[in-house]
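If you want the building blocks of each chain, they are given just below.
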Amino acid sequence: MATSLSVNTAGIGVGNQMVLTDLREGSTGPITVMVCRKWDVTNVNRCYMSTDYVVSDVKGGVMHCTTRNNIAHYFFDKLKEGGIYLLKGFTLQRTDQYRILKDSPYVIWLNGSTTVKKVDDTSGSFTRYPFLFTTFEDLEPTEGKYFVGIVYQTYRRKPD
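Rules behind the numbers
- Residues numbered from 1 in each chain as written.
- Predicted model: local features only at pLDDT ≥ 70, side-chain atom pairs only at ≥ 80, totals over all residues.
- Heavy atoms only, no water.
- Helix = DSSP H or I, 4+ residues; strand = E, 2+ residues; numbered from the N terminus.
- Buried < 20%, exposed > 50% of the residue type's maximum accessible area, 1.4 Å probe, protein only.
- Contact = heavy atoms within 4.5 Å.
- Areas by Shrake-Rupley, 256 points an atom, 1.4 Å probe, with all protein chains shown as cover.
- Pairing = 2+ DSSP bridges.
- Axes fitted to C-alpha atoms, helices over the stretch in contact; angles between N-to-C directions.
- Core = buried A, V, L, I, M, F, W, Y, C linked by side-chain atoms within 4.5 Å.
- Phe/Tyr/Trp six-rings, centres within 6.5 Å; stacked < 30°, edge-to-face > 60°.
- Lys NZ or Arg CZ within 6 Å of the ring centre and 35° of its normal.

### Quick word on the overall build of the protein chain
A count of helical and extended segments in the protein chain gives zero helices and seven strands. Counting from the amino terminus, the protein chain carries its helices and strands in the arrangement β-β-β-β-β-β-β. When burial is assessed residue by residue, the protein chain has 32% of its 160 residues classed as buried. Residue pairs at least 24 apart in sequence account for 62% of intrachain contacts in the protein chain once pairs closer than 6 positions are excluded. Only carbon and sulfur atoms are counted for the fraction: they give 51% of the accessible area of the protein chain, which is about 11,100 Å².

### Overview of the pairing of strand E4 (residues 84-88)
Counting buried residues along E4, four of its five residues qualify, which places the element largely inside the surrounding structure. As judged from the four bridges shared by strand E1 (residues 31-42) and E4, these two strands associate in the antiparallel manner. Following the sheet pairing, isoleucine 31 is matched in E4 by leucine 87.

### What to know about the sheet that holds strand E7 (residues 115-118)
With mixed pairing, the seven strands of this open sheet are ordered in space as E5-E6-E3-E2-E1-E4-E7. Two strands lie at the open edges of the sheet, namely strand E5 (91-94) and E7, each paired on one side alone. Across the sheet, the axes of successive neighbouring strands diverge by a mean angle of 40°, strand direction being ignored. Pairing of E4 with E7, which is carried by four bridges, proceeds in the antiparallel orientation. Along E7, the bridge assignment pairs leucine 87 with valine 116.

### What about the nonpolar core?
In terms of nonpolar packing, the biggest core is built from 20 residues, with Leu79, Leu87, Ile108 and Leu110 touching the most fellow members. Ranked by residues supplied to this core, first place goes to E1 with three residues. The residues touching leucine 87, leaving out its near neighbours within four places in the chain, are Gly29, Pro30, Ile31, Val33, Leu79, Leu110, Thr115 and Val116.

### A few points about the environment of methionine 63
Among the structural elements, methionine 63 can be located in strand E3 (residues 62-68). In sequence terms methionine 63 and threonine 21 are 42 residues apart; their C-alpha atoms lie 9.3 Å from each other.

### Remarks on unusual backbone geometry
Along the chain, glycine 29 connects to proline 30 via a cis peptide bond; the corresponding omega equals 5°. Within the fold, proline 30 resides in the segment before E1. With phi around 65°, arginine 46 is a residue other than glycine that occupies positive phi space. Along the chain, arginine 46 falls in the loop between E1 and strand E2 (48-56).

### Structural notes on the packing of aromatic side chains
All chains considered together, the criterion is met by zero aromatic pairs. Of note, arginine 94 hangs over the ring of tyrosine 106, and the distance from its end group to the ring centre comes to 5.4 Å.

### Considering the pairing of E2
Burial of E2 is extensive: seven of the nine residues sit out of reach of the surface. Judged from the eight bridges that link them, E1 and E2 form a sheet pairing that is antiparallel. Bridge assignment links threonine 42 to a residue of E2, and that residue is tyrosine 48. Here E1 hands over to E2 after five residues, with arginine 46 in that stretch at a positive phi of 65°. Two strands pair when backbone bridges link them, and E2 and E3 are joined in this way by seven bridges, in the antiparallel orientation. Counted as the bridge partner of tyrosine 53 is cysteine 65 from E3. In this structure, the hairpin formed by E2 and E3 is closed by a connection of five residues, where glycine 60 is found at a positive phi of approximately 85°.

### Details of the environment of isoleucine 84
Tracing the backbone shows isoleucine 84 in strand E4. Residues in contact with isoleucine 84, not counting those within four places in the same chain, are Thr32, Val33, Met34, Lys117, Lys118, Val119, Asp121 and Phe126.

In structure tokens:
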């Protein structure tokens, strides 16, 4: 039997908010973040797996945030790139696999208990892009390794 799931966007308290560096495994918020980047994750068979985000806080901290494919549609219209949101009721987990940010060992998991409220940033204290892109020639290796992301990939189907 299927049950309905709702993402509450009203009535979230704003007192005692944390910043990303305050979060520890088991933290549930509240925290105010800006969505810097948003993308869909697919597997090698092009099957949709999740929607992932890079979020930042007022102090310039960044963290990976994700929501699984079975509930991601509840957040499609709620979380937009460049928007600032108060999040509460998420799950914070430590990860050593699939880490997209070198210095951030945690991932924020949005789930059915997560509440989202859009917040106005009248102070201008958030930075939309807390990181910069660079050319390959200007990359400096970290621990002797480069990370190169694929901006666009074309799949070519073999003729039948």
